[in-house]
Amino acid sequence: MRREEKIDEDISLLILGRVAEGQGGQWHAAPNLTDAIVIAEYKPKEDIINLVSLPRDLYGEFGGETFKINEIYSRKKIEEFMEKLPEITGIDVKNYLVVDVEVIKTAVDKLGGIDVELTDAITDPVTGFKLEAGTHHLTGDDAIWVMRNRFAPSGDFFREKNQHNIIAAVFARFSAMSRAEKTTFLLSMTPYVENTETNFSIGELAPRFSAVGKLSFNSVTLDFSTGLLKSSYIPVGPQIIGTTTDDATGTPEQGAATSSRAYVLIPKDGINNYEAIRAFIEEKLM
């Protein structure tokens, strides 16, 4: 029997979680925006994975265009974004993986569910989905609701921390399997990931993970408590707000053009200035 090849070098991967077209419905009405932007840095010698989330509302210039990073998939700017990652995070990332929510749901269900400890309760006032703080055994549907819920005072930052919890729980469940069970699971997922967008061969890398044992996780997120980000607004438009009637002639006139505004996050030292953010992340990495 051929011995499985172990991973002996660090691997950094940009994971983009999105709702694909046609998956609106219960999940979201705005397809192709990346609701999760996570860098996973696997260090096999230390048996640890650094998980670094960047807030989806982070606004900057990538590939000659300026936009929020949750648009990198729809704008086809993934490669350009990765070129900026060493400047933003200190991590050189060569590979990316775009994951649809349905793939995550299927993976969790095929693992038999996952156990996750929630530090805060989760409530979705629209659907009524609710989980109290504490340990829960989650199905695939549950996991997606947890990963996407941001109805909390900390908003997207709340979601990012829960995304890290889900990723860690998936790896914990996977690493607890025997090698035969791991191989069976990876093979069962092949039809679901074969159309997943990436720039590397999942088929070549996946079997090597069968040898992965118990892992530790180091979670790094950026929220307002770090003092590294500030809120801002950018104009979106122009937009015509209506028509008026000329009092003298009674004929309609075109309304005034105005611009709506979109909420964004920018580094505390200004747009595209990531020095303080990079120093913070590098200090937190293990």
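Just so it is clear, the structure is predicted and the values come from calculations on it, not from any experiment.

## Thoughts on the side chain of E160
Then step 1. Relative to the assigned elements, E160 resides in helix 5 (residues 156-175).
Then step 2. No salt bridge is formed by the buried E160; the nearest opposite charge belongs to R159, separated by 7.2 Å.
Then step 3. Setting aside chain neighbours within four positions, we find E160 in contact with S53, L54, P55, R56, T221 and L222.

## What about the packing of aromatic side chains?
Then step 1. This model, assessed by the stated rule, comprises 7 aromatic pairs.
Then step 2. With a centroid separation of 5.7 Å and an interplanar angle of 55 degrees, the aromatic rings of F171 and F217 are classed as tilted. Note that F171 is positioned in helix 5 and F217 in strand 11 (residues 216-220), a separation of 46 residues in sequence.
Then step 3. Centre to centre, the rings of F174 and F185 are 5.9 Å apart; their planes meet at 55 degrees, and the pair counts as tilted. Remark: F185 occurs in helix 6 (residues 179-193) and F174 occurs in helix 5; sequence separation between them is 11 residues.
Then step 4. We classify F174 as buried; its relative accessible area is 8%.

## What to know about helix 6
Then step 1. Look at helix 6: 20 Å from first C-alpha to last across 15 residues, which is about the 21 Å you get at 1.5 Å a residue.
Then step 2. Every buried residue of helix 6 is listed here: K182, F185 and M189.
Then step 3. Where helix 6 is buried, its residues meet helix 3 (101-110) and helix 5.

## A closer look at helix 3
Then step 1. Across the 10 residues of helix 3, 7 count as buried, placing the element largely inside the fold.
Then step 2. Every buried residue belonging to helix 3 is among V101, V103, I104, K105, T106, A107 and V108, and all of these are buried.
Then step 3. Of the residues flanking the end of helix 3, it is G112, one or two places downstream, whose phi is positive at about 85 degrees.

## Digging into the pattern of salt bridges
Then step 1. Considering all chains together, one arrives at 17 salt bridges under this definition.
Then step 2. With a shortest N-O distance of 2.9 Å, D156 and R56 are connected by a salt bridge. Note that D156 is positioned in helix 5 and R56 in the loop between strand 3 (48-53) and strand 4 (59-62), a separation of 100 residues in sequence.
Then step 3. Of the charged contacts in the structure, one is a salt bridge between D156 and R150, with a shortest N-O distance of 3.7 Å.
Then step 4. Shared partners join several salt bridges into a network, and the residues in it are D35, R56, R148, R150, D156 and R159.

## Let's talk about the packing of helix 3 against helix 6
Then step 1. Here helix 3 crosses helix 6 at 160 degrees, and the two axes come no closer than 10 Å. In this view, helix 3 runs roughly antiparallel relative to helix 6, as classed from their interaxial angle. Where helix 3 crosses over helix 6, the handedness of that crossing is right-handed. On helix 6, the residues touching V103, T106, A107 and K110 of helix 3 are F185, S188, M189, Y192 and V193.
Then step 2. Its residues placed into classes, the contact of helix 3 with helix 6 shows 6 nonpolar, 2 polar and 1 charged.

## Focus: the environment of K68
Then step 1. Examined against the element boundaries, K68 turns out to sit in strand 5 (residues 65-68).
Then step 2. Sequence separation of K68 and V264 is 196 residues, and the distance between their C-alpha atoms is 7.0 Å.
Then step 3. Ignoring anything within four residues of it in the chain, the contact list for K68 reads R56, D57, L58, Y59, Y263 and V264.

About the thresholds
Residues numbered from 1 in each chain as written. Predicted model: local features only at pLDDT ≥ 70, side-chain atom pairs only at ≥ 80, totals over all residues. Heavy atoms only, no water. Helix = DSSP H or I, 4+ residues; strand = E, 2+ residues; numbered from the N terminus. Buried < 20%, exposed > 50% of the residue type's maximum accessible area, 1.4 Å probe, protein only. Lys, Arg positive; Asp, Glu negative; His and termini not counted. Salt bridge = Lys/Arg side-chain N within 4 Å of Asp/Glu carboxyl O. Contact = heavy atoms within 4.5 Å. Phe/Tyr/Trp six-rings, centres within 6.5 Å; stacked < 30°, edge-to-face > 60°. Expected span 1.5 Å × (residues − 1). Axes fitted to C-alpha atoms, helices over the stretch in contact; angles between N-to-C directions. Parallel < 35°, antiparallel > 145°, perpendicular 65-115°, else oblique. Left-handed = near helix turned anticlockwise from the far one by under 90°. Nonpolar A, V, L, I, M, F, W, Y, C, P; charged D, E, K, R; others polar.

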